[in-house]
Structures are given as C-alpha cells and as structure tokens.
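Survey of secondary and tertiary structure
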Amino acid sequence: MDSFYITTPIYYVNAKPHLGHAYSTIVADSLNRFHKIRGEETFFLTGTDEHGDKIVKAAEANDQSPQEYVDTISQLFRDLWPDLMCENDDFIRTTQPRHVEVVQDILQKVYDKGDIYFGEYGGYYCFGCERFYTEKELVDGKCPDHLTVPEYISEKNYFFKMSKYQDWLRQHILDNPDFIRPERYRNEVLSLLDSGALEDLCISRPKSRLTWGIELPFDKDYVTYVWFDALINYLTALGYPDGEDFKRFWPSANHLVAKDILKPHAIFWPTMLRAADIDVYQHLNVHGYWLVKDTKMSKSLGNVIEPLAMKDTYGINAFRYFLLREMSFGQDSSFSEEALVNRLNADLANDLGNLFNRTLSMTHKYFGGEIPTPEDEEIEDLEIKRVGQQAMKTYQKEYADLRFSRALEGLWELVRGLNKYIDTTAPWTLFKNKEMSRLGTVIYVLLENMRKIAVHLWPVMPEASERMLEQLGIQFDPRKVALRKEPEVWGLLESGITVAKTSNLFPRVELAEPMPP
Ligand code: ME8
C-alpha cells in the first residue's frame, strides 16, 4: 500500500492561531484526506515549536513561566484543529521528552561524524527571527522580515558544516525537479545556492544568554538553536530511528510550509538530514501568504483574521472551500469577507446547493423519493458523463499537484454542466408527457453524478460531503472509496433507495454588517 506523510510547520506558541496557521493546517488535512480516499496509508502531523528567546519573552510579557505559558498556548492550537475539521494523527510539542531524546541523538551523531565544530562568531542577531544575519542580508541595516535593527553579537558557539553539503544539495534539487514545489520556490532556492558559498550554521546558544532549549549532548553550557531543534520534530513523531512509522512513512514525507520559512526547510533541513545519514524528504510544498487588503496581518494593525470567528459566521465547510478555492497555491492572496460571501453564494448556494435541492425534490415529486432504475442512455446522457469524467480526472490530477483552486474549478464544470443538463432535458416536460422511463434515466444520471461530486469534495468539505452522501442514502466510509476509479466507474448508486427531500446545506448568506468602530 502506498503511504503518504504530510506535515505542517510546528507553530510558535508566542501568539494565538490565526488565518495563516489555519490555512496551512486545513491544506494539510485536505491533502491527507485526498490521499486517504485514494487508498493510501496516511499520517498527518502538526504541533507546536516551544523553545527559544521569542517564547521566553512572550512568557515574561504574560507574567508566566515559559512552561506554564507554552502549555496554555499549545493547548489553544491543539483544540482549534478539531473545530476546523482537521484530523491530525499526532500533535508534537518540542518540549516533549520523546523529542528532546531524538534531537540529542542526532546532534551527537553529526558531532561524532565531525560535522559540528566550535568557533567564534560575530553577527547581526535578530531576536524576532532567532538567527544571525550577514551584513549583505540586511536591508538598510534592518532585518528584512521584522524591519528592526538587529543587535551585533559576538560569542563562541557550535557550528554545523552546512557549506560542506552545498554542492550535493544543488545537485539533488537539479536531479529532482519537484523536490521543492511550486517551481518559483525551487528557482529561489537554486539562485540562493548559486549566489555564493553557504555559510556554516550556528546551532547553539550559550546558556549564559538562553536556557530555554535542548541542552547539547556534548556541552552542558549550551542549548540547541531553535531551528535545529524544531525541524527534527518531523522525525520524532514517526519514532525515529527504529519506529515502524518511520520506516513506513518517511519515504513519502511531504512538508507543507509558507514562503517565510523556505530557507530553513529547503537548505538547513536537507543538509542536516544528509549529515545524519537519513534520506531526505520527498517534497517541500510551499504556499504564499494570506494578506488582508494587500498588507500583512499583524496585531498592531488590528487586521488579524480569527479562524474560529469565520467558522462561526459562515460554517466550517464554506470557510474551507473558500480558502482552497481562492488561493492559487504558491501565490499570495488577499482575504476579504466580501470575496468569501460572493464565492459562497455563487459556487455553493447557487451552483451546488441548487443542483442538490432541485434534483432531490424532483426525485420525490416524480418517484416518491426512490432512486429510479436507469434505462437506455441518450446522447445528452453520454455527453454529461463525458464532462463528468473529464472534470474528475482534472480534479484528481490538479489536487495531487496541490493546485486546489484549479481542481475545484475543474469539478465545477460538472456541477454547472448538470444544472444545464436539467434545463435541457426538462424533467417536468418528460413527466407531463408520461415518459417515465426516460425521466428515470435522467434523474439517475443526476443523482449518480451528485454522488461522485460529494465523494470528491470530502477532502475539502468533509462534513458537507458526508451529509450530501447521506442525503443520497449512503453511509460514508473513507476506506471504501476508490477515488482513482471514480472517473471510470458508473452506477454505484443503488436504485430503490430513498433520498432526502431537500438539501439546504448551503443557504445564501449576506455580508455581516461591519462592527461600528
Ligand atoms: O515559523 N499566510 O512558526 P510560525 C499563510 N515555528 N500562512 C501563514 C501566514 C499567512 N499570512 N502566517 C503564518 C514558525 N502562516 C516555526 C516553524 S517548522 C519546523 C518551525 C503559516 O508560528 C505558514 O504555514 O511563525 C507559515 O510557514 C507558518 O504559519 C509560520 O508559523
């Protein structure tokens, strides 16, 4: 059985979860579900990143000890995911003993190999990024991310010989065109590797400056740099080095991140793995940023989008659909409630909702609610079946390549096609003319295609999909779906079963009045 391992970044616990975190986790969940109904064995990991200066500062600002603080915020993340219908298989915290053990194990391994050395280093340190910058990397003397002036720090530290693996990494990226995807990020990494020699990576912090971290196994006076610690979470959760899950899932490791953490994932992580003699991951999947009115979300601007508020107002199915449909994976996208409401009304209430409502009520009106038995097919039936096949093939191909927006656009060819099919076949006329056998075929073609649409939508809107299937008299079981075969198979819907009277899953919505200032 094929396997599929998907991870999100482990989020810093210095702030509450927002739209950006929700997006990454929803994408990961939807991919996990997609692979599950393709018959693969899947593992979906998320968690929290809990060490480092940033966390200590946030705890202080909150009058809590680091441990108390990380426990509280980590729980907020953990509790959020079920509300967003994200079903992760594990939730990792970097303060867990299982993780500390693996980090120390890998550090020791790389140290014994001679790829970690002790040296003096002076550099511009940004506390926000928790990393040193070279003068060349600063923009007008400031950290390009935080736009703050970093502090010059000179101290003795341990270094990982990252430069040693530069040529190997470059070659690996060239040999595996979809190692980093979409392509723009692959090109970004290649140009970074081509722009000059990689520097070695400072992987320790003296305890005189920071104690909230994992102690180096070979020097008690130092803790591990937070990124060296955090990246290893992807191995810990699988029970590296001997766990069954590690053997089963690591070869199909897919990391999902936004562009802000491209460098640690595309450069630090593969070189670390190589140094520790572990195969590199299969894919690094990189998405863009959600912006609000074309600017970055930030607490100080007061424009942070709260995922729970969106879920409460519009429902989780619609919210997930919007995120996956609206953003072209890899590019930035602007979030607005106007856009959400428009999509919801156009795609869900009008196109999909109407298709369900019209067809279910016709099944009741003409066949007492029972799925009719289809008879000979006519040219319109064959034509819509062809549209359906194409739509499902497009959907599956685009989804597997993370082009969710195009996948859904493709599937909607079928949704809209079916609405047109109702208009052209005019079931009400067939009924008036007592052409019951033709009418039965038309209704069956509609219902069977609706079943197919509902199955394909499970990764995007799990609950709505299950309810649509329920309305068609089907108890959904992900293990029984054979998604790859769906474009070709026909007739899984059983005649004689009673369907629901109406659907009403996607009522039209109005834009909520903005709160007075
Ligand atoms: O970087 N749009 O954690 P973090 C889309 N702990 N996605 C966004 C986003 C936005 N506006 N804002 C945040 C860290 N994200 C490290 C990761 S992994 C070993 C360690 C999402 O809490 C996106 O996935 O800052 C981004 O990469 C991540 O949150 C950063 O989360």
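Before reading on, note that the structure itself is shown above.
Conventions we followed
Residues numbered from 1 in each chain as written. Predicted model: local features only at pLDDT ≥ 70, side-chain atom pairs only at ≥ 80, totals over all residues. Heavy atoms only, no water. Buried < 20%, exposed > 50% of the residue type's maximum accessible area, 1.4 Å probe, protein only. Helix = DSSP H or I, 4+ residues; strand = E, 2+ residues; numbered from the N terminus. Pairing = 2+ DSSP bridges. Near = heavy atom within 4 Å. Polar contact = N/O pair within 3.5 Å; in protein donor to acceptor, adjacent residues only side chain to side chain. Areas by Shrake-Rupley, 256 points an atom, 1.4 Å probe, with all protein chains shown as cover. Phe/Tyr/Trp six-rings, centres within 6.5 Å; stacked < 30°, edge-to-face > 60°. Salt bridge = Lys/Arg side-chain N within 4 Å of Asp/Glu carboxyl O. Disulfide = S-S within 2.5 Å. Contact = heavy atoms within 4.5 Å.

What follows concerns the pairing of strand β3 (residues 90-93). Where burial is concerned, the two faces of β3 agree: the one with D90 and I92 and the one with F91 and R93 are both buried. Pairing between strand β2 (residues 41-49) and β3: four bridges, direction parallel. Residue pairing across strands places G47 opposite I92, the latter belonging to β3.

Below, the discussion takes up the site of the ligand. Around the ligand, 23 residues are found, and the nearest of them are I10, S24, D49, D260 and W290. Here an oxygen atom of the ligand sits 2.6 Å away from a polar atom, N or O, in the side chain of S24. W290 has a polar backbone atom sitting 2.9 Å from a nitrogen atom of the ligand. Its free accessible area being 670 Å², the ligand has 93% of it covered by the protein chains. At the level of elements, β1 (3-12), α1 (19-37), α7 (226-231) and α8 (233-236) are the ones that each hand at least two residues to the shell around the ligand.

Here we come to the packing of aromatic side chains. In this structure the tally under the stated criterion is 36 aromatic pairs. Centroid distance Y321 to W412: 5.2 Å. Interplanar angle 40°. Geometry classified as tilted. Note that Y321 is positioned in helix α12 (residues 316-326) and W412 in helix α15 (residues 404-425), a separation of 91 residues in sequence. Taken as a pair, Y321 and W412 share a single burial class, namely buried. Connected via pairs of aromatic rings, a cluster forms that spans Y5, F43, Y234, Y240, F246, F249, W250 and W269.

Enumeration according to the criterion identifies 42 salt bridges in this entry. In this structure, the salt-bridge partner of R93 is D71, at a minimum N-O distance of 2.7 Å. On the criterion of sequence distance, the pair formed by R93 in strand β3 and D71 in helix α3 (residues 66-83) is long-range, its members being 22 residues apart. As a salt-bridge pair, K311 and D312 come within 3.9 Å of each other at their nearest N and O atoms. Among the residues examined, K311 registers a relative accessible area of 22% and is labelled partly exposed. Residues participating in the shared-partner salt-bridge network are E41, E244, D245, K247 and R248.

Moving on, we get to the state of the cysteines. With the rule as written, the count across this model stands at zero disulfides. Not part of a disulfide, C126 finds its nearest cysteine sulfur in C129, a span of 3.8 Å.

This brings us to the sheet that holds strand β10 (residues 215-216). Taken together, three strands build an open sheet; the order of strands is β9-β11-β10 and the sheet is antiparallel. Edge positions in the open sheet fall to β9 (204-206) and β10, since each of these has one partner strand only. With two bridges joining them, β10 and strand β11 (residues 219-224) adopt antiparallel strand pairing. When the bridges of β11 are listed, L216 appears paired with D219.

In this fold, Q396 is placed in helix α14 (residues 379-400). Aside from chain neighbours lying at most four places away, what touches Q396 is F34, H456, L483, R484, E486 and P487.

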